[in-house]
Amino acid sequence: MSSLTVTAPAKINLCLGVGARRPDGFHPLATVYQAIGLYDRVTVSPADDLSLEVRADDRLCVAGVPTDGANIAVRAALLLARHHGVERGAHIVLDKGIPVAGGMAGGSADAAATLLACDAVWGLATPRAELAGLAAELGSDVPFALVGGTAIGSGRGEVVTPLMTRGTYWWVVLESAQGLSTPRVYAEFDAMHAGAEVGDPEIPDALIAALLGHDVSDLGAVLSNDLQAAALRLRPELADVLAVGIAHSAHGAVLSGSGPSCLFLCANRSHAQRVAGGLGAEGLGPVSFAPGPVRGAHATASEG
Ligand code: ATP
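Residues numbered from 1 in each chain as written. Predicted model: local features only at pLDDT ≥ 70, side-chain atom pairs only at ≥ 80, totals over all residues. Heavy atoms only, no water.

What to know about the overall build of the chain
In terms of regular secondary structure, the chain is built from 10 helices and 12 strands. Here the C-alpha atoms of the chain give a radius of gyration of 19 Å, agreeing with the 19 Å that 2.2 N^0.38 yields for 304 residues. Principal-axis analysis of the C-alpha atoms gives the chain an extent of 55 × 45 × 35 Å. Counting across all 304 residues of the chain, residues that qualify as buried make up 51%. For the chain, restricting intrachain contacts to residue pairs at least 6 apart in sequence, the fraction spanning at least 24 positions comes to 77%. Taken as two groups, the 19 positive and 30 negative side-chain charges of the chain have centres that lie 2 Å from each other. (Helix = DSSP H or I, 4+ residues; strand = E, 2+ residues; numbered from the N terminus. Rg over C-alpha atoms; globule rule 2.2 N^0.38 Å. Buried < 20%, exposed > 50% of the residue type's maximum accessible area, 1.4 Å probe, protein only. Contact = heavy atoms within 4.5 Å. Lys, Arg positive; Asp, Glu negative; His and termini not counted. Charge placed at Lys NZ, Arg CZ, Asp CG, Glu CD.)

Quick look at the structure:
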């Protein structure tokens, strides 16, 4: 095979329960992930060395995305080669469609896509369970990017259990010109809870019930994110932004992961279009809308 393109989706968290910082520095999570239809595309071609190129349209600022060994896609390729004890090269092209540092796990999507693409281009045929293990080494959100759909995340988020759900949801995504660092938001979370008892994170029963019944208005009412208060302390203006979406008839509004992207739950595509239009008319943006759940990382084009 001369090259392969793998498409991987953004993730959102319908609930994000966060526990007290563990001795290893991670926080225990209880979350429901959903993959939504905003995508990065990763194209891998065989090459003598390992190199990476980042592309995006004007909507996205990719200035903060490293093109060296700090890029999680490069780390994914190296980890896979090391796992098999081989030395391989590749030229990796990232076509970013997921906001950078937006709390939608764009880097994790790239890592998952790179694992799949390199595995195929290098002819390694790594068993799926081994790929999931490598994904977990790369980052807490990477295993979910392989699976997609709707799933429960536990541990530090890397233990993924698919959830059977009915129907499609429509999400308006309001991006922010400036990203928010995930470690900074967790540090703020820790500072806010210093000296207090933080209980074990749990997934609300009402959220599972709303998903089982495919009740958009119930789901909108129970969206939750334990990192939201911390993120809003760093970016207070986002509280108004969330309220504007509700004023424009969204069924629910929540920060995506560690933010700053804001999510608004809508009844269907045309409702999402209206809510997106309302936010845009208020001068907020860039704004897009996407369905969920969608499938995890998968090959979309190959050559040779
Ligand atoms: P998280 O998974 O922590 O929620 P996020 O969605 O907020 O992350 P990402 O876009 O995944 O943010 O990336 C966060 C940071 O990681 C970026 O600011 C960048 O410095 C670095 N990074 C490394 N590799 C990538 C990549 N392939 N795409 C985007 N950012 C990357």
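So that's the structure; there's more coming.
Thoughts on unusual backbone geometry
At the junction of G285 and P286, the peptide bond is cis and its omega measures out at 0 degrees in the coordinates. Tracing the backbone through its elements, the reader meets P286 in the loop between helix 10 (269-281) and strand 11 (287-292). P293 follows G292 through a cis peptide bond whose omega is 5 degrees. One non-glycine residue, A101, lies in the positive phi region at around 50 degrees. Among the structural elements, A101 can be located in the loop between strand 4 (89-96) and helix 2 (106-121). For S249, which is not glycine, the phi torsion reads 85 degrees and is therefore positive. Note on placement: S249 falls in the loop between helix 9 (237-247) and strand 9 (252-255). On the accessibility criterion, S249 (37% relative accessible area) is partly exposed.

A short note on the pattern of salt bridges
All told, the structure shown has 8 salt bridges when counted by the stated rule. The shortest N-O distance in the salt bridge between R22 and D24 comes to 2.8 Å. With relative accessibility at 24%, the residue R22 sits in the partly exposed group. The class for D24 is partly exposed, based on a relative accessible area of 47%. (Salt bridge = Lys/Arg side-chain N within 4 Å of Asp/Glu carboxyl O.)

Looking at the pairing of strand 10 (residues 262-266)
Of all 5 residues in strand 10, 5 are buried; the element is thus mostly enclosed. Of the two faces of strand 10, the one holding C262, F264 and C266 and the one holding L263 and L265 are both buried throughout. Here 5 bridges tie strand 7 (residues 169-174) to strand 10, and the two strands are oriented antiparallel to one another. Considered in strand 10, the bridge of W171 is made with L265. Where strand 9 lies against strand 10, 4 bridges are found, and the strand directions are antiparallel. Note on strand 10: the bridge partner recorded for A253 is F264. Where strand 9 hands over to strand 10, the hairpin turn is made up of 6 residues, of which G257 adopts a positive phi near 50 degrees. (Pairing = 2+ DSSP bridges.)

Some words on the domain arrangement of the chain
Taken as a whole, the chain is organised into domain 1 (3-163) and domain 2 (169-292). Using only C-alpha atoms to locate each centre, domain 1 and domain 2 end up separated by 22 Å. Together, the buried faces of domain 1 and domain 2 total about 2,500 Å²; carbon and sulfur atoms form 66% of this surface. When the area that domain 1 buries against domain 2 is broken down by residue, the three leading residues are L14, L16 and V18, summing to 22%. (Domains from an automatic or database assignment. Buried area = accessible area lost by both parts, 1.4 Å probe.)

Things to note about the site of the ligand
In the vicinity of the ligand there are 21 residues, among which A101, A105, G107, D110 and T182 approach most closely. The separation between an oxygen atom of the ligand and a polar main-chain atom of M104 is 3.1 Å. Its free accessible area being 610 Å², the ligand has 77% of it covered by the protein chains. Most atoms of the ligand, that is more than half of them, are within 2 Å of grid points of the largest pocket. Elements with a contribution of two residues or more to the shell around the ligand: strand 4 and helix 2. Of the residues assigned to the shell around the ligand, the class counts are 10 nonpolar, 8 polar and 3 charged. (Near = heavy atom within 4 Å. Polar contact = N/O pair within 3.5 Å; in protein donor to acceptor, adjacent residues only side chain to side chain. Areas by Shrake-Rupley, 256 points an atom, 1.4 Å probe, with all protein chains shown as cover. 1 Å grid on protein atoms, 1.4 Å probe; cavity = no way out; pocket = protein on both sides within 12 Å on 5 of 7 lines; lining within 4 Å. Sits in = over half its atoms within 2 Å of the grid points. Nonpolar A, V, L, I, M, F, W, Y, C, P; charged D, E, K, R; others polar.)

Points about the sheet that holds strand 9
Strand pairs in the sheet, formed through backbone hydrogen bonds, run parallel or antiparallel to each other. On the basis of which strands lie adjacent, the open sheet formed by 4 strands has the order 9-10-7-11 and antiparallel pairing. Across the chains shown, the open sheet's two edge strands, defined by having one partner strand only, are strand 9 and strand 11. Going across the sheet, the axis of each strand differs from the next one's by a mean of 25 degrees, ignoring polarity. For strand 7 and strand 11, the ladder comprises 6 bridges, and the chain directions are antiparallel. Pairing of Y169 across the sheet is with G292, part of strand 11. (Axes fitted to C-alpha atoms, helices over the stretch in contact; angles between N-to-C directions.)

What to know about the side chain of R156
For R156, the position within the fold is in the loop between strand 5 (150-154) and strand 6 (159-162). Although R156 is buried, it forms no salt bridge, and the closest oppositely charged side chain is E158 at an N-O distance of 4.2 Å. Polar side-chain contacts of R156 include one of 3.0 Å to the backbone oxygen of A136. Only 3.0 Å separates the side chain of R156 from the side chain of S140, close enough to count as a polar contact. Not counting residues within four places of it along the chain, the set of residues in contact with R156 comprises R22, F26, H27, L29, A136, G139 and S140.

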